[in-house]
Amino acid sequence: MPTLAEIYSVSKKMKITVHTEKLGEFSQKHVGFYMKYASFVFRTLRRPSFQKFLCWMLRKENIEEPMIRDVHVRVFPFQRKNGNGLAGNCSTNEGKIQIFPKTLKFCQKLRQKFGKDKFILYVRSRARAALIHELLHLKYANDEEKVRELTKEYFAVFTQNRSTQNSHVSSIYNMIFKPEAIKNTIEYVD
Ligand SMILES: [Zn+2]
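Read on for a plain summary of the structure. Sequence order as written defines the numbering, with residues in each chain counted from 1. The model is predicted, so local features are restricted to residues of pLDDT at least 70 and side-chain atom pairs to those at 80 or more, both for listing and for counting; the totals for chains, interfaces and linings are taken over all residues.

## Some remarks on the overall build of the protein
Applied cut-off: The way it works is that DSSP assigns letters per residue, a run of H or I at least four long becomes a helix, a run of E at least two long becomes a strand, and they are numbered from the N terminus. Exposed residues have 12 or fewer other C-beta atoms within 10 Å of their own C-beta, buried residues have 20 or more, and partly exposed residues fall in between, where C-beta atoms are placed from the backbone. Note on contacts: residues are paired as contacts if their backbone-placed C-beta atoms lie within 7 Å.
Per the secondary structure count, the protein includes eight helices and four strands. Mapped in sequence order, the helices and strands of the protein form the string α-β-α-α-β-β-β-α-α-α-α-α. Counting every position in the protein, which comprises 190 residues, the buried fraction comes to 29%. Within the protein, contacts between residues at least 6 apart in sequence are counted, and of these 77% link residues at least 24 apart.

## Digging into the sheet that holds strand 4 (residues 96–99)
The pairing of strands in a sheet happens through backbone hydrogen bonds and is either parallel or antiparallel. Selection criterion: When DSSP finds at least two bridges between two strands, those strands are taken to pair. Every axis in this analysis is a line fitted to C-alpha atoms, fitted for helices over the stretch in contact. Angles between the N-to-C directions lie between 0 and 180 degrees.
The sheet built from four strands is open, its strands ordered 1-2-4-3 with mixed pairing. The sheet terminates laterally at strand 1 (14–17) and strand 3 (88–91), the two strands that pair on one side only. Looking at each pair of strands side by side, their axes are set apart by 20 degrees on average, direction ignored. Note: strand 3 against strand 4, four bridges, orientation antiparallel. Paired with asparagine 89 across the strands is glutamine 98, a residue of strand 4.

## A word on the nonpolar core
Rule in force here: Here a nonpolar core is just a set of buried residues of the types Ala, Val, Leu, Ile, Met, Phe, Trp, Tyr and Cys, joined wherever their C-beta atoms sit within 7 Å.
Within the largest apolar cluster, 40 residues are counted, with the highest numbers of intra-cluster contacts made by Val41, Leu54, Ile99, Ala127, Leu131, Ile132 and Leu135. Among the elements of the structure, helix 2 (28–46), helix 3 (48–60), strand 2 (70–74), strand 4, helix 4 (104–114), helix 5 (116–140), helix 6 (144–161) and helix 7 (169–177) are those that each provide at least two residues to this core. Among the elements that take part in this core, helix 5 stands out by supplying ten residues, more than any other. Those residues within four positions of leucine 135 in sequence are excluded, and the remaining contacts are Leu54, Leu58, Ile63 and Ile97.

## Re unusual backbone geometry
A positive phi angle is found at asparagine 62, which is not glycine, with a value near 55 degrees. Although it is not a glycine, alanine 141 adopts a positive phi angle of roughly 45 degrees. Mapped onto the elements, alanine 141 comes out in the loop between helix 5 and helix 6. On the neighbour-count criterion, alanine 141 (13 C-beta atoms within 10 Å) is partly exposed.

## Regarding helix 7
One turn of an α-helix holds 3.6 residues; hence residues three or four places apart share an orientation. For the record, the criterion: This arc is taken over the directions from the axis of the helix to the C-beta atoms.
Listed in full, the buried residues belonging to helix 7 are Ile172, Met175 and Ile176. An end-on view of helix 7 places all buried positions within 95 degrees of arc, on one side of the element. Turned more than 90 degrees away from the buried face of helix 7, the exposed residues are Ser170 and Asn174.

## Structural notes on helix 4
Of the residues making up helix 4, those classed as buried are Lys109, Leu110 and Phe114. Viewed along the axis of helix 4, the buried residues span an arc of 105 degrees, placing them on a single side of the element. Phi turns positive, to about 90 degrees, at glycine 115, one or two residues after helix 4.

## Some remarks on the environment of phenylalanine 78
In this structure, phenylalanine 78 sits in the loop between strand 2 and strand 3. Given 18 C-beta atoms within 10 Å, phenylalanine 78 falls into the partly exposed group. The contact partners of phenylalanine 78, leaving out residues within four places of it in the chain, are Gly85, Leu86 and Phe100.

Any functional reading would require information beyond the geometric quantities listed.
Rendered as structure tokens:
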């Protein structure tokens, strides 16, 4: 079992980051939404149950704590040139991890389609999966296939260990790891 000091050591490297030059690109409604989203993700990722799980995973993978410099929960979404959103990013030599939100438009559609509870579970699960994924990049660098495979395994371990059985869990798993499943159900254009 990880010690309390170990759990605290990852948690304290987390911060919420707003790139203020981006503020002008968004309406007040968007800014309010993204701030709320970021603080929700931040609290989710810092929960002791998840931090404890991360310590266990890092130890199992021999990823040493000094390799992680900081984890930024970014307030605004990141759109790639191909139009697809990005869940996270890891710069392995700096040890800098970034976690990005989904767009407001996407969230509205998802919430409308699935309701609040499932939407919240999706946001939490996506952020957790993104952080697991980016931490694994610290060790496996550019081996994307390996990172993806392990992300699924570790995410499943965390989810199965939780005592509350939730009927949404398996559909959320598909939404995160088989994104085409969401596209088909909500016909969304991000
Ligand atoms: Zn990756």
